[in-house]
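Structural features, examined
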Amino acid sequence: KMADITAATQDPMAGGEIVRFADDTPTGILKENITYDKIYELIPSPSRRQIDKLYQKALAFAYRNGVTGVHSFDGSEAFTYFSDLAEKNALGLRINYYFPVSKLPELHENKIYYGSGTDYLRLAGIKIFADGSLGSQTALCFNKYIGSKGNYGIEVTQPKELMSYVNSASRLGFPCAVHAIGDKAVANVLDAFEKNRYPDFGARHRIEHLQLVRKKDLNRIKRLGVVASMQPSHCPADIKMIRKYWGKRGDNAYIFRTIIDKKINLAFGSDAPIEPLKPIEGIAAAVRRALPKSRDVLNPKERISSQEALFSYTVGSAIACGQEHSRGYLMPGYPADFVILSDDITKISPSKVYNVEVLATVIDGKIKYRHHALNL
């Protein structure tokens, strides 16, 4: 009501939907950014004091869960805040930052290029949305959602526009991280990558989520060197929705084993705040493909080992942002960023991985978190 979205409000031409009752009155459900921007504009921004307090809480949460660095897709306001902290040497985490696609004109105007920044705040790419999500049935698919009257999802960014964005980013050396959940969205993204000059200097395009993919598109992903940037915690959380909306096609969802066997670069993350910033839970989800204490497994042949999941959370993530020669490994010359765990997750049974605790988190040789049970 405050945003003045009424029965007379027109739906966007593309990229979103105002869900309505039979008489065109809005139900209150808005699908995708283009429709809920009006809502965002009404939400007052927190004060700098509030943001500082919340950021310190976020850092403490990250340290308790063994996180030493993140790939940030937050908006440009976040980048301004990160930059201010970085100048004061107070960032607290290593951040690879991906600008929203709307900032491309400004980046060109100011001649800002890929890889700029410091050891703690580095410019790593451009974030684009190709479709929506599974839960809202807006992920763009080749086949309609089961039980729907012809719903195939939402094309948030049209293919020609997507190609234009990728081309614009490549002129600054920036790779693109494109949100694509449905199999048709994934195919659209690969078309855009295929028809544009590939980024240089170790930069790699990446597809975010890649939840549903046609097997025949895996060869293109491999050939183009695209990183599969996936979030294991979504897998067990989505089991019921996958079966309800995708049915048998769900066999092509979260195919971690197939992707590794194809030798496609696989990077794991959390997609926080959609899932908690807890890599241990993500590793457990990739290994078990089931919720804690549950025996309901999604496509068990796509399970991977704890060691493979650990690699994807460390080296895989470094590869995704073009830093595998300086991040991800415990090797001479690399920063002393590491975590001490209560158990060796590569040796315990998969059912026990969810119970592993972080005992210490160290960044650049400095202890950021220490469990009371550990003497250091």
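Our subject is the structure listed above.
Not measured: the values here are computed from a predicted model.

**Description of the packing of helix 5 (residues 159-170) against helix 6 (residues 183-194)**
Helix 6 packs onto helix 5 with a crossing angle of 45° between their chain directions and a minimal axis gap of 9 Å. Judged by the angle between their axes, helix 5 and helix 6 are oblique. The chirality of how helix 5 crosses helix 6 is right-handed. For the pair formed by helix 5 and helix 6, the contact residues are Pro159, Leu162, Met163 and Val166 on the first element and Asn188, Val189, Asp191, Ala192 and Phe193 on the second. Taken together, the residues of the contact of helix 5 with helix 6 break down into seven nonpolar, one polar and one charged.

**Remarks on unusual backbone geometry**
What you tend to see is this: most non-glycine residues have negative phi, and most peptide bonds are trans. Between Ala272 and Pro273 the backbone carries a cis peptide bond, its omega angle lying at 10°. Here Pro273 lies in the loop between strand 9 (266-268) and helix 11 (279-288). Its identity as a non-glycine residue notwithstanding, Asp364 has a phi of 55°, on the positive side. With respect to the helices and strands, Asp364 occurs in the loop between strand 11 (358-363) and strand 12 (366-370).

**A few points about the layout of surface pockets**
The probe, sized like a water molecule, is rolled over the atoms to show the empty space still left. Taken as a whole, the second largest pocket holds about 230 Å³ of empty space. The wall of the second largest pocket is formed by Ala86, Asn89, Ala90, Leu91, Gly92, Thr118, Tyr120, Ile363, Asp364, Lys366 and Lys368. Residue composition of the lining of the second largest pocket, grouped by class: five nonpolar, three polar and three charged.

**A short note on the packing of aromatic side chains**
Using the criterion set out here, one finds 14 aromatic pairs in the structure. Ring geometry for Tyr97 and Phe99: centres 4.9 Å apart, planes at 90°, overall edge-to-face. The class of Phe99 is buried, set by a relative accessible area of 4%. Among the aromatic residues, those joined into a ring-pair cluster are Tyr55, Phe79, Tyr81, Phe82, Tyr97 and Phe99. The positively charged end of Arg94 is found above the aromatic ring belonging to Tyr120, 4.6 Å away from the centroid.

**Focus on the pairing of strand 11**
In terms of residue burial, strand 11 counts as a mostly covered element, since six of its six residues are buried. Of the pairings in the sheet, the one linking strand 10 (residues 338-341) to strand 11 comprises four bridges and is antiparallel in character. Bridge pairing links Leu341 to Val358 in strand 11. Bridge analysis of strand 11 against strand 12 gives four bridges, and the strand direction is antiparallel. From the neighbouring strand, Thr361 faces strand 12, where its bridge partner is Tyr369. Between strand 11 and the antiparallel strand that follows it, strand 12, lie two residues; Asp364 among them carries a positive phi value of about 55°.

**Notes on a nonpolar patch on the surface**
Side chains of Ile39, Tyr40 and Ile43 sit close together on the surface and give an oily, nonpolar patch of about 300 Å² of accessible area. One can find Ile43 in the loop between helix 1 (33-40) and helix 2 (48-64). Looking at Ile43, the relative accessible area reads 51%, which means it is exposed.

**Some words on helix 11**
Burial analysis of helix 11 places nine of its 10 residues in the buried class, which makes it a mostly covered element. Buried within helix 11 we find Pro279, Ile280, Gly282, Ile283, Ala284, Ala285, Ala286, Val287 and Arg288. The elements touched by buried residues of helix 11 are helix 8 (234-237), helix 10 (256-261), strand 9, helix 12 (306-320), strand 10 and strand 11. Immediately beyond the C-terminal end of helix 11, within one or two residues, lies Arg289, with a positive phi of roughly 55°.

Rules used throughout
Residues numbered from 1 in each chain as written. Predicted model: local features only at pLDDT ≥ 70, side-chain atom pairs only at ≥ 80, totals over all residues. Heavy atoms only, no water. Axes fitted to C-alpha atoms, helices over the stretch in contact; angles between N-to-C directions. Helix = DSSP H or I, 4+ residues; strand = E, 2+ residues; numbered from the N terminus. Parallel < 35°, antiparallel > 145°, perpendicular 65-115°, else oblique. Left-handed = near helix turned anticlockwise from the far one by under 90°. Contact = heavy atoms within 4.5 Å. Nonpolar A, V, L, I, M, F, W, Y, C, P; charged D, E, K, R; others polar. 1 Å grid on protein atoms, 1.4 Å probe; cavity = no way out; pocket = protein on both sides within 12 Å on 5 of 7 lines; lining within 4 Å. Points joined across faces, edges and corners; volume = space filled by probe spheres on them. Phe/Tyr/Trp six-rings, centres within 6.5 Å; stacked < 30°, edge-to-face > 60°. Buried < 20%, exposed > 50% of the residue type's maximum accessible area, 1.4 Å probe, protein only. Lys NZ or Arg CZ within 6 Å of the ring centre and 35° of its normal. Pairing = 2+ DSSP bridges. Patch = residues over 30% accessible without salt bridge, like charges linked within 9 Å, V, L, I, M, F, W, Y side chains within 5 Å. Areas by Shrake-Rupley, 256 points an atom, 1.4 Å probe, with all protein chains shown as cover. Salt bridge = Lys/Arg side-chain N within 4 Å of Asp/Glu carboxyl O.

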